[in-house]
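Residues per chain are reported as follows:
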Amino acid sequence: MDVHANDTFINFYAGAPPLNRLSFVRSKADVLNAHLSRAKFLVFNEGKPLVHKGKISSPYLVDLPAVQALVGDGFLSPPEGAANAKAEEARRAGCILVFLGVDERGCPPGEDLLKPHGTPYFAIDATPAGVGLYAVPGDAEDAARQGTFSAPPDSEWADARMSASLMDAWHAGLFASGRPIVDWNARNRYCPACGRQTYSLWGGWKRSCVTARGGPEERKKCFSNTGLHNFAHPRTDPVIIMGILDETGDRMLLGRNKSWPKGMYSCLAGFIEPGESFEEAVRREVLEEAGIVVGPVRYGSSQPWPYPANLMVGCYGRAPGGQTIRLDLDNELEDAQFFPRSVVARVASSKFGSKFTKDDYNQLDKAQEDRDINAPAMIDPRPMDKFDNFTKCPPATAIAGVLMRQWALGTHATHLVSSL
Ligand SMILES: [Zn+2]
């Protein structure tokens, strides 16, 4: 976890080291197909990764023969003389298949980037067509092409969040690029502009409206074919998450959602809204959730959060003194308090302070799902000197846990905090 590229803190899920994504070959079907026979495949079923049986921290990466029925013809080049060759570049018919990039560890430096020697990685969706979470009736031709996947006997489908949090940093980085892009393809089978079906191209990194493949008259049916649009490029939804310090710098504002596991407190967080900077989003969220006005804000580090496709933007901020916490503005939190550094340090360094069971993870997932629709009832803030109800905090694999630990236990945040 404690990895730095120059002075940048690299969080869990951010890849260590990342793949070379080779985005400039995504439109070349022949190059992508040439990678398939040497590739390792990260397999998902409704967002659950395939792992070794009884060892959920270990992704079960398979070779081409194991997924050949799903891969079929691979990626398709535009037909000879195609009118809209651009719209056909590396088109994909069949199940979701995404080129993630090439692992260049151990490769000679300075090699031709168009002919890398490392191991290619793909993410593939083995979710049975037409059932479950992603049950959207697909293109009939594509459904007919899609085979079925037989999971090896020594493998199993694992809870995504629990297994990924236990993976080593490199595999967690691989997982964090594979899961969101498979999920995004699965959720975007219809054109946001006209409602017609979409199809996959560019190695799984773009989807286009089916009208893009037709002649000029067909293309006119959907305005996503004209001008510059960003309707069908993969999403990354930014969320700010912040360690807000009081005027002394020795207490941090933490809150808890009533749906969280008992005793758990964490940094406040929220989605960045259109038109906001990081700093403005920090100030708005803290005011809405805790009634606290924040002054200076400093960016710390960021973390991809693949549930399903967030980017957590970690910040520190300073709140002027003389303020009172109030939870009745948006009623999102059950409690919020400024906790002394010693208390945060004690919980963050305790053996069980960040241990979560499968039920805890389910509860956290449920809390996230309920977040937008069920505002919990307001409960009066407890006296500021009662801290014994704080027994759990996020692990260091989550950026909230990093923000808390860097401030309470380490020195990484010192230069940021001292400039607030
Ligand atoms: Zn359309």
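Residues numbered from 1 in each chain as written. Predicted model: local features only at pLDDT ≥ 70, side-chain atom pairs only at ≥ 80, totals over all residues.

- Labelled according to an unreviewed UniProt entry, the protein appears under the name NAD(+) diphosphatase, originating from Cutaneotrichosporon oleaginosum.
- Quoted verbatim from the Catalytic activity (unreviewed entry) heading of the UniProt record, the comment on the protein is "a 5'-end NAD(+)-phospho-ribonucleoside in mRNA + H2O = a 5'-end phospho-adenosine-phospho-ribonucleoside in mRNA + beta-nicotinamide D-ribonucleotide + 2 H(+)".
- Listed under Sequence similarities (unreviewed entry) in UniProt, the entry text for the protein is "Belongs to the Nudix hydrolase family. NudC subfamily." (UniProt positions renumbered as here; feature names shortened; annotations may be inferred.)

**Thoughts on the overall build of the protein**
Item 1. Across its full length, the protein holds 12 helices and 18 strands.
Item 2. Burial analysis of the protein (420 residues in total) assigns 41% to the buried set.
Item 3. The contacts of the protein with a sequence gap of at least 6 include a subset with a gap of at least 24, amounting to 73%. (Helix = DSSP H or I, 4+ residues; strand = E, 2+ residues; numbered from the N terminus. Buried ≥ 20, exposed ≤ 12 C-beta atoms within 10 Å, placed from the backbone. Contact = placed C-beta atoms within 7 Å.)

**Structural notes on the environment of Met312**
Item 1. With respect to the helices, strands and loops of the structure, Met312 is situated in strand S17 (residues 310–318).
Item 2. The buried category is assigned to Met312, around which 23 C-beta atoms lie within 10 Å.
Item 3. For the pair Met312 and Asp237, spaced 75 residues apart in sequence, the C-alpha to C-alpha distance is 8.5 Å.
Item 4. Aside from chain neighbours lying at most four places away, what touches Met312 is Val239, Ile241, Ser302, Gln303, Trp305 and Ile399.

**A few points about unusual backbone geometry**
Item 1. Of the consecutive residues Tyr307 and Pro308, the connecting peptide bond is found in the cis state with omega at -5°.
Item 2. Summarising the element assignment, Pro308 is placed in the loop between strand S16 (297–305) and S17.
Item 3. Backbone geometry places Tyr13, a non-glycine residue, at a positive phi of 80°.
Item 4. If you trace the backbone, Tyr13 turns up in the loop between strand S2 (8–10) and helix H1 (29–36).
Item 5. In this structure Tyr13 comes out as buried when scored by C-beta crowding, with 25 C-beta atoms within 10 Å.
Item 6. Even without being a glycine, Asn331 presents a positive backbone phi close to 50°.

**Description of the pairing of strand S11 (residues 198–201)**
Item 1. The alternating pattern of S11 places Thr198 and Ser200 on one face and Tyr199 and Leu201 on the opposite face, and all of these are buried.
Item 2. Note: S11 against strand S12 (residues 206–209), 4 bridges, orientation antiparallel. The partner of Thr198 across the bridge, within S12, is Cys209.
Item 3. The loop that links S11 with its antiparallel partner S12 comprises 4 residues; one of these, Trp202, has a positive phi angle of about 55°. (Pairing = 2+ DSSP bridges.)

**Brief notes about the packing of helix H9 (residues 341–349) against helix H11 (residues 399–408)**
Packed helix pairs are specified by the crossing angle of their axes together with the interaxial distance, meaning the distance between the axes.
Item 1. Direction vectors running N to C along H9 and H11 enclose 120°, while the axes themselves pass 9 Å from each other. Put simply, H9 runs oblique to H11. The two elements H9 and H11 meet at a crossing, and its hand is left-handed. On the side of H9, the interface is formed by Arg341, Val344, Ala345 and Ala348, while H11 contributes Met404, Arg405 and Ala408. (Axes fitted to C-alpha atoms, helices over the stretch in contact; angles between N-to-C directions. Parallel < 35°, antiparallel > 145°, perpendicular 65-115°, else oblique. Left-handed = near helix turned anticlockwise from the far one by under 90°.)

**What about the confidence of the model for the protein?**
Item 1. Considering every residue of the protein, the mean pLDDT works out to 86; 86% of them sit at 70 or more.
Item 2. When mean pLDDT is taken per element in the protein, helix H8 (residues 278–290) scores highest with 98 and strand S1 (residues 3–5) scores lowest with 47.
Item 3. Every residue in residues 1–5 is under pLDDT 50, and counting partners more than four places away or in other chains gives 7 contacts.
Item 4. Note that pLDDT drops below 50 for residues 131–138; the model gives that stretch 12 contacts with residues more than four away or on any other chain. (pLDDT = per-residue confidence, 0-100.)

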